[in-house]
Amino acid sequence: MFVTALWWLVGLFALSGAACFAAALHGSRLRNGDGRRGLRWLLILAGVWGFLQAGVLLAGEESTAVALYVLALIAGFATPFAWLYFASAYAGRDYHRRPGYRRAGIALYVAVVALKLTNPIHGHYFEASLRTEPVRRLVVEEGALYWASLAAAYLLSGVGFYLLYRLFKRSEGSSWTLAGVFAATGLAVVPNAVALADPSLLPQLSYEPLGVAVFAVGAVYLVEDTFLAVEQTTTRAFVERTAGAVLVLDTEGRLRDHNERAADLFPAIPDGEERIEEFAPGVAERYRTEAPALVDVDDAGRTRTYCVTSEPLAVGGAAFGWALLVQDVTAIERQREQLDRHEEQLRDMAGAIAHELRNSVAVADGHLAEAEDRLGEGEAAAAAESVDVARRRVARIGGVVEDLHTLARYARDVDESTFVDFEAAVTDAAAASEADVEVTVEGDGRIRAAPTRLKQLFKNAFEFAAFNEATAVTVTLTDDGFAVADDGRFTGDDGGELLFEYESAEPSAEAGMALPNVRALGRVEGWSVEPDRGYDAGVRYAVRGATVERDSGPEPAPGEDPAA
């Protein structure tokens, strides 16, 4: 009977080796390259281990049996490291790639192999002898070092099982069948225990290759689709280390996984919200398009822009979820908007230069020609008058160039936007302006802007008021910006939108570029500037789109528009 059992074991070990090699040759469709490599090396090592175990049972000489037994120990102790490599990659972790863990694993393996190879010297690993009764077999008495290395091997294997347990616990694609396939790798503990308790029943060998063979056949041939579905292709290492927020959703939009950055961008996630429609409604409307999309999200009263990139997750044509990468591109988007505004200003400035210089040169040329004719006719006084007009037009060209230089200087981002005290900004600009107007400030609070640019905007506003022959200018802080009103001769009806166009001559050609510069500087900040056509006591315009922090004060009357 023992002879029959022995031949059965030889056949099982040989069959396990063949199964492992066949599975390694067949390969796996795992999408994770590290997972494929780890699984292949696990199968190859287990196959070698199985054939060596069969060789130990068939060996006719003690020296041959012992040598094969030592080689089997060496191959067997390598399998926990291949198992850990595979389990880490399959579970979406990056432990197998960390240099510290790799160096520690190599050092441990080399140390244990050295103890195995030097056993004839120290004799603390095992003692073996070939017996012939009742059948020829190698009888092994394990030493302390053997049990220590066995404990280390099972401990390392246990770590791999823990990683898989965590994966199965949170995966909806797992099944009891697949769990059983993985558990088969640990069933060798049963024959190992029987051989240890009663060597007359089973030889004292390592039976782990049999369990790995069951796992190989099951994972590669029987439950491969489930095996693939559970795989975490978007590795946890990527999820945790990426600079953006990573969201993994099921097909119904429920959150299945996320990283810390996602919890930062969407505070409702830590509060327990699972549906994307609840914690990120803007993203929910766009992610199924499978194309990168920009989404504006309200963040405590401020608008932030997120770039959402999505990818459907599917196995064998069956979709099981979505992977989303959400990146905060607010700063980049604001810079792009500023570049767009700068390009628009450059076009406006080019038109302004052409318009102003063309008109001024034409006027100056005409008056100089007239002066030449008057001189030929002996009318010196009339000629001098024409020359004086031409000189003023040339001087106007200098003013235009200076205005454009000022705009180009302050239209750049010369300093960072910050909250500026509104009243202080207005009074500072009034003090620096040459305009002889009385400036009144209404409203207390702060406005977010670049201080030097805001100052220049107000200076241009006061310059136009002076041209408009105003005696007083009122600057009023509103909920989303401010309004400027003067008591001059022209009103909004005298030009409307053309008051703010560079190439217009409204309300007259002498108005210059003060109001167009106001709009241009406001656009750099992201504001809009619109005239108030209903105001008939002068020119009034409202600047909107600014971020304002109002000081507490009296509430506006019912129905009253603060910016009206």
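So, a few notes on the structure that sits alongside this text. Predicted model only: the values in this text are computed from it and were never measured.

## Things to note about the overall build of the chain
Here is step 1: Helix and strand content of the chain: 19 helices and 15 strands.
Here is step 2: Intrachain contacts of the chain at a sequence separation of at least 6 include 64% that bridge at least 24 residues.
Here is step 3: Accessible area for the chain stands at about 28000 Å²; split by element, carbon and sulfur atoms hold 56% of it.

## Some details on the pairing of strand S10 (residues 445-449)
Here is step 1: Only one face of S10 is buried: it carries Gly445, Ile447 and Ala449, and the other face, with Arg446 and Arg448, is open.
Here is step 2: The sheet contact formed by strand S8 (residues 418-421) and S10 spans four bridges and is antiparallel. Looking at S10, one finds that Thr418 is bridged to Ala449.
Here is step 3: In this sheet, strand S15 (residues 548-550) lies alongside S10 in antiparallel orientation, the contact comprising three bridges. Within S15, the position partnered with Ile447 by the bridge is Val548.

## What to know about the sheet that holds S15
Here is step 1: What the three strands build is an open sheet, ordered S8-S10-S15; its pairing is antiparallel. Where the open sheet ends on each side, the last strands, each with one partner, are S8 and S15. Each strand of the sheet is rotated relative to its neighbour by a mean of 25 degrees, with strand direction disregarded.

## Examining the sheet that holds strand S9 (residues 438-442)
Pairing between the strands of a sheet comes from backbone hydrogen bonds, and it takes one of two forms, parallel or antiparallel.
Here is step 1: The strand order across the open sheet formed by five strands is S9-S11-S12-S14-S13, and the pairing between neighbours is mixed. Every interior strand has two partners, whereas the edge strands, S9 and strand S13 (528-531), have only one. Strand-to-strand twist across the sheet, computed as the mean angle between neighbouring axes with direction ignored, equals 15 degrees.
Here is step 2: Along the sheet, helix H17 (residues 422-432) makes contact with S9, strand S11 (472-478) and strand S12 (481-486), crossing S9 at roughly 175 degrees.

## Remarks on unusual backbone geometry
Here is step 1: Phi at Glu469 is positive, roughly 60 degrees, even though this residue is not glycine.
Here is step 2: Here Glu469 shows up in the loop between helix H18 (451-467) and S11.
Here is step 3: Relative accessible area serves as the criterion here: at 52%, Glu469 is assigned to the exposed category.

## What to know about a negative patch on the surface
Here is step 1: On the surface, Asp271, Glu273, Glu274 and Glu278 cluster together into a negatively charged patch.
Here is step 2: With respect to the helices and strands, Asp271 occurs in the loop between helix H12 (260-265) and helix H13 (276-279).

## Considering the nonpolar core
Here is step 1: Counting residues in hydrophobic clusters, the biggest one holds 36 residues, and the most contacted among them are Leu454, Phe458, Phe462, Val475, Phe482, Trp527 and Tyr541.
Here is step 2: When contributions to this core are tallied by element, the ones reaching two or more residues are H17, S10, H18, S11, S12, helix H19 (514-524) and strand S14 (540-544).
Here is step 3: In this view, Val475 contacts Phe422, Val426, Val439, Thr440, Val441, Glu442, Phe458, Phe462, Phe482, Ala483 and Val484; residues no more than four positions away in its chain are not counted.
Here is step 4: Ala19, Ala78, Leu163 and Val212 belong to the second-largest nonpolar core, a separate cluster that totals 22 residues.

## Thoughts on the layout of surface pockets
A water-sized probe, rolled over the atoms, reveals where empty space remains.
Here is step 1: Counted as a void, the second largest pocket has a volume near 720 Å³.
Here is step 2: In this structure, the second largest pocket is lined by 22 residues; those nearest its centre are Phe81, Ala82, Leu84, Tyr85 and Arg102.
Here is step 3: Within the residue set of the lining of the second largest pocket, elements represented by two or more residues are helix H2 (33-58), helix H3 (62-90), helix H4 (99-117) and helix H6 (144-170).
Here is step 4: A per-element tally of the lining of the second largest pocket places H4 first, with seven residues.
Here is step 5: The residue makeup of the lining of the second largest pocket, split by class, is 16 nonpolar, four polar and two charged.

## Points about the packing of aromatic side chains
Here is step 1: Overall, the coordinates contain 21 aromatic pairs when judged by the stated rule.
Here is step 2: Seen in terms of ring centroids, Phe458 and Phe462 are 6.3 Å apart; in terms of plane orientation they differ by 15 degrees. Their pairing is stacked. In this pair, Phe458 and Phe462 both sit in helix H18, four residues apart, roughly one turn of the helix. Phe462 shares its class with Phe458; the two are buried.
Here is step 3: Every member of this aromatic cluster is reached through a ring pair, and the members are Tyr69, Tyr125, Phe126, Tyr146 and Trp147.
Here is step 4: The side chain of Arg489 reaches across the aromatic face of Phe467, ending 5.3 Å from its centre.

## A closer look at the pattern of salt bridges
Here is step 1: Applying the stated criterion across every chain, the model contains 17 salt bridges.
Here is step 2: Notably, a salt bridge pairs Glu277 with Arg275, separated by 3.7 Å at the nearest N-O pair.
Here is step 3: Taking the shortest distance from any N to any O, the salt bridge between Asp328 and Arg304 comes out at 2.9 Å. One end of the pair, Asp328, is in strand S7 (residues 318-328); the other, Arg304, is in strand S6 (residues 302-315), with 24 residues separating them in the sequence.
Here is step 4: The partly exposed category is assigned to Arg304, whose relative accessible area is 23%.

Criteria and cut-off values
- Residues numbered from 1 in each chain as written.
- Predicted model: local features only at pLDDT ≥ 70, side-chain atom pairs only at ≥ 80, totals over all residues.
- Heavy atoms only, no water.
- Helix = DSSP H or I, 4+ residues; strand = E, 2+ residues; numbered from the N terminus.
- Contact = heavy atoms within 4.5 Å.
- Areas by Shrake-Rupley, 256 points an atom, 1.4 Å probe, with all protein chains shown as cover.
- Buried < 20%, exposed > 50% of the residue type's maximum accessible area, 1.4 Å probe, protein only.
- Pairing = 2+ DSSP bridges.
- Axes fitted to C-alpha atoms, helices over the stretch in contact; angles between N-to-C directions.
- Patch = residues over 30% accessible without salt bridge, like charges linked within 9 Å, V, L, I, M, F, W, Y side chains within 5 Å.
- Salt bridge = Lys/Arg side-chain N within 4 Å of Asp/Glu carboxyl O.
- Lys, Arg positive; Asp, Glu negative; His and termini not counted.
- Charge placed at Lys NZ, Arg CZ, Asp CG, Glu CD.
- Core = buried A, V, L, I, M, F, W, Y, C linked by side-chain atoms within 4.5 Å.
- 1 Å grid on protein atoms, 1.4 Å probe; cavity = no way out; pocket = protein on both sides within 12 Å on 5 of 7 lines; lining within 4 Å.
- Points joined across faces, edges and corners; volume = space filled by probe spheres on them.
- Nonpolar A, V, L, I, M, F, W, Y, C, P; charged D, E, K, R; others polar.
- Phe/Tyr/Trp six-rings, centres within 6.5 Å; stacked < 30°, edge-to-face > 60°.
- Lys NZ or Arg CZ within 6 Å of the ring centre and 35° of its normal.

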